[in-house]
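# Descriptive structure summary
Single-letter residue listing:
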Amino acid sequence: MSDRWEIGLGAPKLVVHLKNHSGLIWQFRWQTGNFPAGSELYLLVGSETAPARWAFTIQEDLATLTVRENIATPIPDRTPVYLMFKANPAAEPDALAVGAVKRWKAK
């Protein structure tokens, strides 16, 4: 008998590609109208105990994340990343995807 149990498929895998000497812009569109009022979409970047929170700006049906170069550049390759969503301020956050940073060198 296995000592490992899995229920469901878990969160999809996520890779956040960061180039050296470059920032990051990422957008999501809500397909069924506007994002719910008070909802939040954000990336947690780093260890589970002390991650940085990179919040998306939500305007109607579009969520945009803009990370400046000076914030993105120090993030090392393989840093854990979690894409999180909260439907409203009182809701528990849901992990939409879990993965890591993939660091690329600018040419």
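Cut-offs applied
Residues numbered from 1 in each chain as written. Predicted model: local features only at pLDDT ≥ 70, side-chain atom pairs only at ≥ 80, totals over all residues. Heavy atoms only, no water. Pairing = 2+ DSSP bridges. Helix = DSSP H or I, 4+ residues; strand = E, 2+ residues; numbered from the N terminus. Axes fitted to C-alpha atoms, helices over the stretch in contact; angles between N-to-C directions. Core = buried A, V, L, I, M, F, W, Y, C linked by side-chain atoms within 4.5 Å. Buried < 20%, exposed > 50% of the residue type's maximum accessible area, 1.4 Å probe, protein only. Contact = heavy atoms within 4.5 Å. pLDDT = per-residue confidence, 0-100.

### Considerations on the sheet that holds strand β2 (residues 24-29)
- Strand order in the open sheet formed by three strands is β2-β6-β5, with antiparallel pairing between adjacent strands. Looking at the sheet topology across the chains shown, the edges are occupied by β2 and β5 (57-59). The mean angle between the axes of side-by-side strands here comes to 20 degrees, regardless of whether they run parallel or antiparallel.
- Here three bridges tie β5 to strand β6 (residues 62-67), and the two strands are oriented antiparallel to one another. Following the sheet pairing, I58 is matched in β6 by A63.

### Re the nonpolar core
- Membership of the largest hydrophobic core comes to 20 residues, with the highest contact counts inside it found for L43 and W54.
- When residues of this core are traced back to their parent elements, those giving at least two are β1 (13-19), β3 (40-45), β6, β7 (80-86) and β8 (94-104).
- For W54, the residues in contact, after removing those within four places along its chain, are L24, Y42, L43, V45, L65, V67, I71, A72 and I75.

### A look at unusual backbone geometry
- Even without being a glycine, H21 presents a positive backbone phi close to 65 degrees.
- If you trace the backbone, H21 turns up in the loop between β1 and β2.
- The backbone of E60 sits at a positive phi, close to 60 degrees, despite the residue not being glycine.
- With respect to the helices, strands and loops of the structure, E60 is situated in the loop between β5 and β6.

### A word on the confidence of the model for the protein
- Chain-level pLDDT for the protein is 89 on average; 90% of the residues reach the 70-or-more range.
- When mean pLDDT is taken per element in the protein, β5 scores highest with 97 and β1 scores lowest with 91.

### Some remarks on the pairing of strand β4 (residues 52-55)
- Two strands pair when backbone bridges link them, and β3 and β4 are joined in this way by four bridges, in the antiparallel orientation. By the bridge assignment, Y42 is partnered in β4 with A55.
- Taken together, β3 and the strand that follows it, β4, pair antiparallel across an intervening segment of six residues, in which G46 is found at a positive phi of about 120 degrees.

### Some points on the pairing of β6
- Pairing of β2 with β6, which is carried by six bridges, proceeds in the antiparallel orientation. Of the residues in β6, the one forming a bridge with F28 is A63.
- Here β5 folds back onto β6, and the loop between the two strands holds two residues, one of which, E60, carries a positive phi near 60 degrees.

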